[in-house]
Structures are given as structure tokens and as C-alpha cells.
Amino acid sequence: MTIIGSCHCKATVFEVSEAPDTLTSCTCSFCSKRGSLWAYYLPSQFKLKTPPENVAVYQWGSKTVKHGFCATCGCGTFTETPDWSTGSPDFDNPKISVNARLFDDFDLGAVEVVVIDGKNLW
């Protein structure tokens with residue numbers, strides 16, 4: 001089931017190959033201010049449908065994670081990150097975190113939301 005996502009102005013459009021099993025709400029300062037609900041994918045499951053120059057990137061701290069946002073309307077769209085499941089960045093196994101709030105025609109209420117205490121983890 002392919003899902004299309006887009007920012008407010010439609011300058012940034014992407015698709016993912018399947019619906020997420022869960023969504024993540026992170027309490028870190030960045031995610032809290034952005035208001036994202038994250039769905040995680042392998043790079044092969046994600047496709048940017050618009051020109052890459054439509055996406056601006058914000059990096060902070062260690063500059064390990066690339067936080068994408070629409071260069072026109074400012075909506076937070078997706079991030080490119082190493083796999084952190086072992087507690088250390090695994091750059092050989094990158095992940096794409098998609099802001100599921102941008103999914104078009106998708107019922108977010110039907111998916112379990114898991115809260116991660118990012119405010120106290122990092």
C-alpha cells in the first residue's frame with residue numbers, strides 16, 4: 001500500500017511503500033517544537049517525488065541527522081539518520097523518518113503512538 005505525503009504547499013511530495021505499524025512521538029526539544037509523528041522506513045521504502053532542491057535541511061548538535069523541511073512553506077517533512085537501535089550511530093544502515101502528519105488520505109488515529117522520552121535521553 002503506497003502512501004503519498006506532502007507539505008502544505010505541495011512543493012515537497014514523497015511516498016512510502018507501506019503504512020506504518022506504529023508512530024513515534026518524541027519529547028526532545030526539536031520534535032516537540034516541530035510537532036511531528038514519526039514513521040520509520042528504510043531508504044528503499046522512501047521516494048522523494050519532487051526535486052531535491054525543494055527540501056531544505058537543518059542540522060544541529062553533532063550534525064549526524066539531516067532534518068528536512070519544505071523550502072517554500074516550512075513544513076517538517078522527513079529526516080535522514082543513521083540507525084540508532086544499538087545506542088550508537090550505524091551509518092551503514094540509514095533510516096528515513098517521515099513526518100506522518102503529512103500523509104495524504106491516511107487515518108493517523110488508527111495507528112498506535114509510542115512516546116519516546118527524548119527530552120531525557122539526549
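Since the model is a prediction, treat every value here as computed from it, not as a measurement.

Visitor: Outline the overall build of the protein, listing residues and values.
Guide: Counting its secondary structure elements, the protein contains two helices and 10 strands. Ordered by position from the N terminus, the helices and strands of the protein form the series β-β-β-α-β-β-β-β-β-β-β-α. For the protein, the C-alpha radius of gyration of 14 Å lies close to 14 Å, the compact-globule estimate for 122 residues. Considered along the principal axes of its C-alpha atoms, the protein spans approximately 35 × 35 × 30 Å. A total of 122 residues make up the protein; the buried ones form 39% of that total. When contacts within the protein are restricted to residue pairs at least 6 apart in sequence, long-range pairs at least 24 apart make up 55% of them. When the accessible surface of the protein is summed, it comes to about 7,000 Å², and 53% of that surface belongs to carbon and sulfur atoms. Charge separation in the protein, taken as the distance between the mean sites of 10 positive and 13 negative side-chain charges, equals 9 Å.

Visitor: So what's going on with the sheet that holds strand β5 (residues 46-48)? Residues and values would help.
Guide: If you walk across this open sheet you meet the three strands as β1-β2-β5, and the pairing is antiparallel. Lying at the two open borders of the sheet, with one neighbouring strand each, are β1 (3-6) and β5. The average undirected angle you get between the axes of adjacent strands in this sheet is 20°. Two elements, strand β2 (residues 13-16) and β5, share three bridges in a ladder whose sense is antiparallel. Counterpart to Phe14 in the pairing with β5 is Leu48.

Visitor: Tell me about the pattern of salt bridges, and name the residues and values.
Guide: What the rule picks out here adds up to two salt bridges. A salt bridge links Lys10 to Asp104, with the shortest nitrogen-to-oxygen separation between them at 3.9 Å. Of this pair, Lys10 sits in the loop between β1 and β2 while Asp104 is found in the loop between β9 (90-99) and β10 (112-116), placing the two residues 94 residues apart along the sequence. Its relative accessible area of 26% is what places Asp104 among the partly exposed residues. Measuring nitrogen to oxygen at the nearest pair gives 3.7 Å for the salt bridge that ties Glu15 to Lys49. With a gap of 34 residues between them, Glu15 in strand β2 and Lys49 in the loop between β5 and β6 (55-58) connect regions that are remote in the sequence.

Visitor: Describe in detail the nonpolar core, supporting the description with residues and values.
Guide: Among the nonpolar cores identified, the biggest contains 17 residues, and Val16, Phe46, Val98 and Phe103 are the most heavily contacted of them. With residues up to four places along the chain from it excluded, the contact list for Val98 reads Phe14, Val16, Leu37, Trp38, Ala39, Tyr41, Phe46, Thr77, Phe78 and Phe103. Ranked by size, the runner-up nonpolar core spans five residues in total, among them Cys26, Phe30, Cys31 and Trp38.

Visitor: Run through the packing of aromatic side chains, naming residues and quoting values.
Guide: The geometry of an aromatic ring pair is captured by two quantities: the separation of the ring centres and the angle between the planes. The final tally for this structure, using the stated rule, is five aromatic pairs. Aromatic pair Phe46 and Phe78: ring centres 4.8 Å apart, planes at 50°, arrangement tilted. Here Phe78 lies in strand β8 (residues 76-83) and Phe46 lies in strand β5, a separation of 32 residues in the sequence. With respect to class, Phe46 is no different from Phe78; both count as buried. Residues Phe103 and Phe106 carry aromatic rings whose centres are separated by 5.4 Å and whose planes lie at 80° to one another, so their mutual orientation is edge-to-face.

Quick notes on the rules
- Residues numbered from 1 in each chain as written.
- Predicted model: local features only at pLDDT ≥ 70, side-chain atom pairs only at ≥ 80, totals over all residues.
- Heavy atoms only, no water.
- Helix = DSSP H or I, 4+ residues; strand = E, 2+ residues; numbered from the N terminus.
- Rg over C-alpha atoms; globule rule 2.2 N^0.38 Å.
- Buried < 20%, exposed > 50% of the residue type's maximum accessible area, 1.4 Å probe, protein only.
- Contact = heavy atoms within 4.5 Å.
- Areas by Shrake-Rupley, 256 points an atom, 1.4 Å probe, with all protein chains shown as cover.
- Lys, Arg positive; Asp, Glu negative; His and termini not counted.
- Charge placed at Lys NZ, Arg CZ, Asp CG, Glu CD.
- Pairing = 2+ DSSP bridges.
- Axes fitted to C-alpha atoms, helices over the stretch in contact; angles between N-to-C directions.
- Salt bridge = Lys/Arg side-chain N within 4 Å of Asp/Glu carboxyl O.
- Core = buried A, V, L, I, M, F, W, Y, C linked by side-chain atoms within 4.5 Å.
- Phe/Tyr/Trp six-rings, centres within 6.5 Å; stacked < 30°, edge-to-face > 60°.

From the geometry alone we can't say anything about function, so treat these as descriptive.
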